[in-house]
Amino acid sequence: MSVPPRPAPGYAGDITPTEAWDLLTDREDAVLVDVRTDAEWRYVGVPDLRGLGRQAALVEWVSYPSGRPNPRFLEQLAATGVTPGDDRPVVFLCRSGQRSIGAAQAATAAGYGPAYNVLEGFEGATGPDGHRGHEGWRAAGLPWVQP
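As the structure is a prediction and not an experimental result, all values here were calculated from the model.

To continue, consider the pairing of strand β2 (residues 31-34). Neither face of β2 is left uncovered, since the one carrying Val31 and Val33 and the one carrying Leu32 and Asp34 both have all their residues buried. Pairing of β2 with strand β5 (residues 90-93), which is carried by four bridges, proceeds in the parallel orientation. Pairing of Asp34 across the sheet is with Leu93, part of β5. In the sheet, β2 pairs with strand β4 (residues 57-58) via two bridges, with the strands oriented parallel. Counterpart to Asp34 in the pairing with β4 is Leu58.

Spelled out as structure tokens, the structure:
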């Protein structure tokens, strides 16, 4: 990663979608974890890492429809192949860069990482027109697919 992450409490820091892509490109051991809900993955799309020879891990941070933290989050994170203390970069992505902060903090507290949060997430915040998509992974022109 050419630009150091922006400092953040409880995890390695915040990075832009483009910086996340660069980290994933530069580090074959880096993992992208999309922490949105199943409905978001299906209806909005997911990052496409096939060009890097891998895929994004899909692990909900918040259980749907309860809106409560996923009680199996760390167990499901471990199932992606990362191990506490292995020093593999773990990049967390959500819709707008907010839920992924909690995921990065929880992962860091459990010994994973360095853990990063992707600013703006997959779709970004709501724009002046009331819609998302003006910023984030997709708006940056990074690869994604609609499953």
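In spatial order, the strands read β1-β6-β5-β2-β4; together these five strands make up an open sheet with parallel pairing. With partners counted over all chains shown, the strands left at the sheet margins are β1 (13-15) and β4, one partner each. Across the sheet, helix α1 (residues 17-26) lies against β1, β2, β5 and β6 (115-118), angled at about 100° from β1, the strand it touches most. Packing of helix α4 (residues 99-109) onto the sheet brings it into contact with β5 and β6, and relative to β6 it is tilted by some 180°.

Before going further, it helps to examine α1. Listing the buried residues of α1 in full gives Pro17, Glu19, Ala20, Trp21, Leu23 and Leu24. Contacts made by the buried residues of α1 are with β1, β2, β5 and β6.

Mapped onto the present numbering, the UniProt feature "domain: Rhodanese" (unreviewed entry) falls on residues 26-146. Secondary structure across residues 26-146 divides into 21% helix and 15% strand, with the first and last C-alpha atoms of the span separated by 25 Å.

Rules and cut-offs
- Counting restarts for each chain: residues are numbered from 1 in the order of the written sequence.
- The predicted origin of the model limits local features to residues at a pLDDT of at least 70 and limits the giving and counting of side-chain atom pairs to 80 or more, whereas totals for whole chains, interfaces and linings rest on all residues.
- In computing side-chain values, all of the structure's heavy atoms are included and hydrogens and water are not.
- Only protein chains enter the accessibility calculation, which uses a 1.4 Å probe; a residue is then buried when its area is under 20% of its type maximum, exposed when over 50%, and partly exposed in between.
- The numbering of helices and of strands both runs from the N terminus, where a helix is a DSSP run of H or I of at least 4 residues and a strand a run of E of at least 2.
- Only strands that DSSP links by at least two bridges are regarded as paired with each other.
- Whether two residues are in contact is decided by their heavy atoms, any of which lying within 4.5 Å being enough.
- For helices, the fitted line uses only the C-alpha atoms of the stretch in contact; every axis is such a line through C-alpha atoms, and the angle between N-to-C directions lies from 0 to 180 degrees.
- UniProt positions are given in the numbering used here, feature names are shortened, and annotations may be inferred rather than shown by experiment.

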